[in-house]
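Next come the chains, spelled out residue by residue.
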Amino acid sequence: MNYLEIAKEKYEKLKTQRDVTILAIESSCDETSIAVVKNGRQVLSNIVSSQIDIHRLFGGVVPEVASRNHIKNIVAVLEESLKASNLSLKDMDAVAVTYGAGLIGALLVGINFAKTLAYALKVPLIAVSHVHGHIGANYISHLDLEPPFLCLMVSGGHTALIDVQNYCRFHLIGSTVDDSVGECFDKVARVLGLPYPGGPAIQKMAQDGKNVVKFNYKTPLKDTYNFSFSGLKTAVVNFVHNKEQKHEEFSKSDIACSFQELVTDELCTKTMRACKELKQKKLVVAGGVGANSRLREKLQDYCTKNNIKLYLPALKYCTDNAAMIGAIAYYYIKAGIGFADLTLTAKPTVSI
Ligand code: KG4
Ligand code: ZN
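What you see is a predicted model; the values in this text were computed from it and never measured.

What counts as what
Residues numbered from 1 in each chain as written. Chains lettered and ligands numbered in written order. Predicted model: local features only at pLDDT ≥ 70, side-chain atom pairs only at ≥ 80, totals over all residues. Heavy atoms only, no water. Salt bridge = Lys/Arg side-chain N within 4 Å of Asp/Glu carboxyl O. Helix = DSSP H or I, 4+ residues; strand = E, 2+ residues; numbered from the N terminus. Buried < 20%, exposed > 50% of the residue type's maximum accessible area, 1.4 Å probe, protein only. 1 Å grid on protein atoms, 1.4 Å probe; cavity = no way out; pocket = protein on both sides within 12 Å on 5 of 7 lines; lining within 4 Å. Points joined across faces, edges and corners; volume = space filled by probe spheres on them. Domains from an automatic or database assignment. Contact = heavy atoms within 4.5 Å. Buried area = accessible area lost by both parts, 1.4 Å probe. Polar contact = N/O pair within 3.5 Å; in protein donor to acceptor, adjacent residues only side chain to side chain.

**Observations regarding the pattern of salt bridges**
Right, on to step 1. Following the criterion strictly, the structure yields twelve salt bridges and no others.
Right, on to step 2. Among the salt bridges present, the one from Lys233 reaches Asp179, with a minimum N-O distance of 2.8 Å. Residue Lys233 is found in helix H8 (residues 230-245), and its partner Asp179 is found in the loop between strand E8 (169-175) and helix H6 (181-191); the two are separated by 54 residues along the sequence. The pair Lys233 / Asp179 is uniform in exposure class, with both members buried.

Here you go:
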């Protein structure tokens, strides 16, 4: 039998196999990460090699630099991950990899590495959507969590409300019509002279905010589940430029704090309305901006008041990591999706 026939046969067996151990690879942006995850819930290892310090020098992720660093790091990350899991490559039942959304060159490094491993080990290759992976971060953070639930997806690439009907059925309720909320944090941070990534820097600076800054901005798209953040971004940028041109003083902390309040209010208001209208009593947060302490605090408040159970991913699983890819890959296998052959390639965007 050739590789494809062997892989297909093994994939079919995995659908009913009791224990499934997955080697998962994530390289969609600036983190090289490899994890070993058992049965979608048990993280045996999760090594994340971050390139943040390198990209910070440029004020954001430089795609070509990201790809080169993935190549440089990926073998060492694999070795470390296997060591931490106390397992070896021969114990892996499948190799899962993020195929999109993300930076093409960065994704291709992970995909080609995954293909090589799957081929050499004669195990199935599972192609995973990065967005689904972020949702999977909650299955390893909350062992009791099961669909259905409503998900607020707030990452660097996506801002969306998703009706998660079962482990592999996702219905998009609303999404951003322009910038993602993560992009907005990063751009506002940049105009304030804060380092990349902007989210954590804004959060820190906002702690010292005392006065509310009134930006020239009105919350858009109030009656839909869609979001728009480019107007707020422009309002903050214009506010800062105006002050600079007039040589007027302004407080960066007040700006960071007021911006963060507006963004988190908008996210919370729409999310809570969706919970109410869809009669959903379980809310799950996913993505890097889910690490924002003010967002977490406000959502918790709203949820407590409205008798909704809130699931927040552990901080280490909010931003990109391979454990979340390994978690959702398990459910892909059980649902009979995700099987990929060696022609698998990278996708810059994926639909939810
Ligand atoms: O989900 P993620 O790691 O990558 C993508 O899939 O895009 O999200 C990265 C985004 C960045 O925009 C970063 O600034 C933001 O998440 N972020 C935060 C915080 N930590 C990371 N935004 C607000 N507050 C944070 N604490
Ligand atoms: Zn991500």
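**Some points on the layout of surface pockets**
Right, on to step 1. Taken as a whole, the largest pocket encloses approximately 1300 Å³ of empty space.
Right, on to step 2. As for the largest pocket, its lining consists of 45 residues, of which Ser155, Gly156, Gly157, Asp186 and Tyr196 are closest to the centre.
Right, on to step 3. Contributing elements (two or more residues each) for the lining of the largest pocket: helix H5 (130-141), H6 and helix H7 (198-206).

**Description of the domain arrangement of the protein chain**
Right, on to step 1. By domain assignment, the protein chain separates into domain 1 (3-138 + 320-340) and domain 2 (147-317).
Right, on to step 2. Put simply, the middle of domain 1 and the middle of domain 2, counted by C-alpha atoms, are 28 Å apart.
Right, on to step 3. Residue-level contacts link 26 residues of domain 1 with 24 residues of domain 2.
Right, on to step 4. Carbon and sulfur atoms supply 69% of the area buried between domain 1 and domain 2, which totals about 1800 Å² over both sides.
Right, on to step 5. Per-residue buried area on domain 1 facing domain 2 is highest for His134, Ile135 and Asn138; these three make up 31% of the total on that side.
Right, on to step 6. On the surface where domain 1 and domain 2 come into contact, there are zero salt bridges.
Right, on to step 7. Where domain 1 touches domain 2, the interface holds six residue pairs in polar contact (both at pLDDT 80 or more).
Right, on to step 8. Secondary structure elements with two or more residues in the side of domain 1 that touches domain 2: strand E3 (42-50), helix H2 (52-56), H5 and helix H11 (323-335).

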